[in-house]
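Residues per chain, in single letters:
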Amino acid sequence: GKYVIENFVLRENEKYVIFRLVSWHATHDYGHSGLDYDNIVDTIAEFSKYAKVFISSESNLPEKLEQYKLNIAPHKIHDVIAFAALVFGESSTMSEEAAMLGVPSVYLYSNSTIYTTYLEKNYGLIVNLSEEYTDQRKAIDIGSKILQSDEILQECHSKATKMLSEKIDVTAFLLWFVQNYPESKKIMNENSDYQLQFKK
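Residues numbered from 1 in each chain as written. Predicted model: local features only at pLDDT ≥ 70, side-chain atom pairs only at ≥ 80, totals over all residues. Heavy atoms only, no water.

**Structural notes on the packing of aromatic side chains**
Okay, step 1: In total, this model carries 13 aromatic pairs according to the counting rule given.
Okay, step 2: Where Phe 173 meets Trp 176, the ring centres are 5.8 Å apart and the plane angle is 40 degrees; that geometry is what we call tilted. Linking Phe 173 with Trp 176, this pair stays in helix H8 (residues 170–179), spanning 3 residues, or about one helical turn. Taken individually, Phe 173 and Trp 176 each receive the classification buried, so the pair is uniform in this respect.
Okay, step 3: With 5.6 Å between their ring centres and 45 degrees between their planes, Trp 176 and Phe 198 make a pair best called tilted. Of the two residues, Trp 176 is situated in helix H8 and Phe 198 in the segment after helix H9 (183–190); the sequence distance between them amounts to 22 residues.
Okay, step 4: Phe 198 sits in the buried class, given a relative accessible area of 15%. (Phe/Tyr/Trp six-rings, centres within 6.5 Å; stacked < 30°, edge-to-face > 60°. Helix = DSSP H or I, 4+ residues; strand = E, 2+ residues; numbered from the N terminus. Buried < 20%, exposed > 50% of the residue type's maximum accessible area, 1.4 Å probe, protein only.)

**Details of the nonpolar core**
The tendency in soluble globular proteins is for nonpolar side chains to be buried as a group.
Okay, step 1: Grouped together as the largest cluster of nonpolar side chains are 22 residues, with contacts concentrated most on Phe 19, Phe 47, Leu 86, Phe 88 and Val 106.
Okay, step 2: The greatest single-element share of this core, amounting to 4 residues, is contributed by helix H6 (residues 133–147).
Okay, step 3: The contact partners of Phe 19, leaving out residues within four places of it in the chain, are Leu 35, Ile 40, Thr 43, Ile 44, Val 53, Phe 54, Ile 55, Ser 56 and Phe 88. (Core = buried A, V, L, I, M, F, W, Y, C linked by side-chain atoms within 4.5 Å. Contact = heavy atoms within 4.5 Å.)

**What about the side chain of Glu 90?**
Okay, step 1: Take Glu 90: it is sitting in the loop between strand S3 (86–89) and helix H4 (92–100).
Okay, step 2: Summary of buried charges: Glu 90 has no salt-bridge partner, and the nearest side chain of opposite charge, Arg 20, is 7.5 Å away.
Okay, step 3: Of the polar contacts made by the side chain of Glu 90, one reaches the backbone nitrogen of Val 22; its length is 3.0 Å. (Lys, Arg positive; Asp, Glu negative; His and termini not counted. Salt bridge = Lys/Arg side-chain N within 4 Å of Asp/Glu carboxyl O. Polar contact = N/O pair within 3.5 Å; in protein donor to acceptor, adjacent residues only side chain to side chain.)

**As for the side chain of Ser 95**
Okay, step 1: Position of Ser 95 relative to the elements: it lies in helix H4.
Okay, step 2: Taking relative accessible area as the criterion, Ser 95 reaches 1% and is therefore assigned buried.
Okay, step 3: Leaving out residues up to four positions away in the same chain, Ser 95 has contacts with Val 87, Ser 105, Tyr 107 and Ile 126.

**Notes on unusual backbone geometry**
Okay, step 1: For the peptide bond that leads from Tyr 181 to Pro 182, omega is 5 degrees, which places it in the cis range.
Okay, step 2: Structurally, Pro 182 can be placed in the loop between H8 and H9.

**Considering the packing of H8 against H9**
Okay, step 1: The contact between H8 and H9 brings their axes to 6 Å, and the two run at 120 degrees. In terms of orientation, H8 and H9 fall into the oblique class. Contacts between H8 and H9 involve Phe 173, Trp 176 and Phe 177 from the former and Ser 184, Lys 185, Ile 187 and Met 188 from the latter.
Okay, step 2: The residue inventory of the contact of H8 with H9, partitioned by class, reads 5 nonpolar, 1 polar and 1 charged. (Axes fitted to C-alpha atoms, helices over the stretch in contact; angles between N-to-C directions. Parallel < 35°, antiparallel > 145°, perpendicular 65-115°, else oblique. Nonpolar A, V, L, I, M, F, W, Y, C, P; charged D, E, K, R; others polar.)

**Looking at a nonpolar patch on the surface**
Okay, step 1: Side chains of Met 100, Leu 101 and Leu 164 sit close together on the surface and give an oily, nonpolar patch of about 220 Å² of accessible area.
Okay, step 2: Relative to the assigned elements, Leu 101 resides in the loop between H4 and strand S4 (105–108).
Okay, step 3: Given the relative accessible area of 33%, Leu 101 is considered partly exposed. (Patch = residues over 30% accessible without salt bridge, like charges linked within 9 Å, V, L, I, M, F, W, Y side chains within 5 Å. Areas by Shrake-Rupley, 256 points an atom, 1.4 Å probe, with all protein chains shown as cover.)

**Topic: the sheet that holds strand S1 (residues 16–21)**
Okay, step 1: In space, the 5 strands of this open sheet follow the order S2-S1-S3-S4-S5, with parallel pairing throughout. The sheet is open, and its two borders are formed by strand S2 (52–57) and strand S5 (126–129), each paired with just one other strand. Within this sheet the neighbouring strands show an average axis-to-axis angle of 20 degrees, counted without direction.
Okay, step 2: Where S3 and S4 come together, 3 bridges link them in parallel fashion. In the sheet register, Gly 89 faces S4, and the bridge partner there is Tyr 107.
Okay, step 3: Along the sheet, helix H2 (residues 37–47) contacts S1, S2 and S3; its crossing angle with S1, the most-contacted strand, is approximately 170 degrees. (Pairing = 2+ DSSP bridges.)

Bear in mind that shape data such as this cannot, by itself, settle questions of function.
What follows is the structure, encoded as structure tokens:
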């Protein structure tokens, strides 16, 4: 928290949002237009009533939005996500990372990923919405409600703790698998539940 407060001129306990915009020129994003500019402006205006807004963007921002740009070293992004009140926008990766850190997120993409859908249905850590105009407006409303509720943030921390407790330590599993290969492959083929021994 100290890094965030010192580098972003935040008051103690002041909420902030990471508003993630991506470049829609990537091959896998063909046919996707992303958030409407007017909705981006409206999102900032609405969220600014309850929190400080920082935009993380892969593309250059219009001059009007430059004042909101998140200027940090890439390796510090998880520190910033960890203390946010909300992650909002077009990045599945950042929404998934927020979920792992117990931070609520609203993800807008017409084809939600397997992971974001799983994190919504099983743990309620992400809200998945499409890029349709009506969903963009709905997303602003949902994000606003999240920012006004300290309970939602506390619930997300609890949900993330529960989720992580149900997962295995992948590093420990892979170490075992490599060190015991090919016997480990045989064990996993015969009993895939063997991996559950590596729960954290």
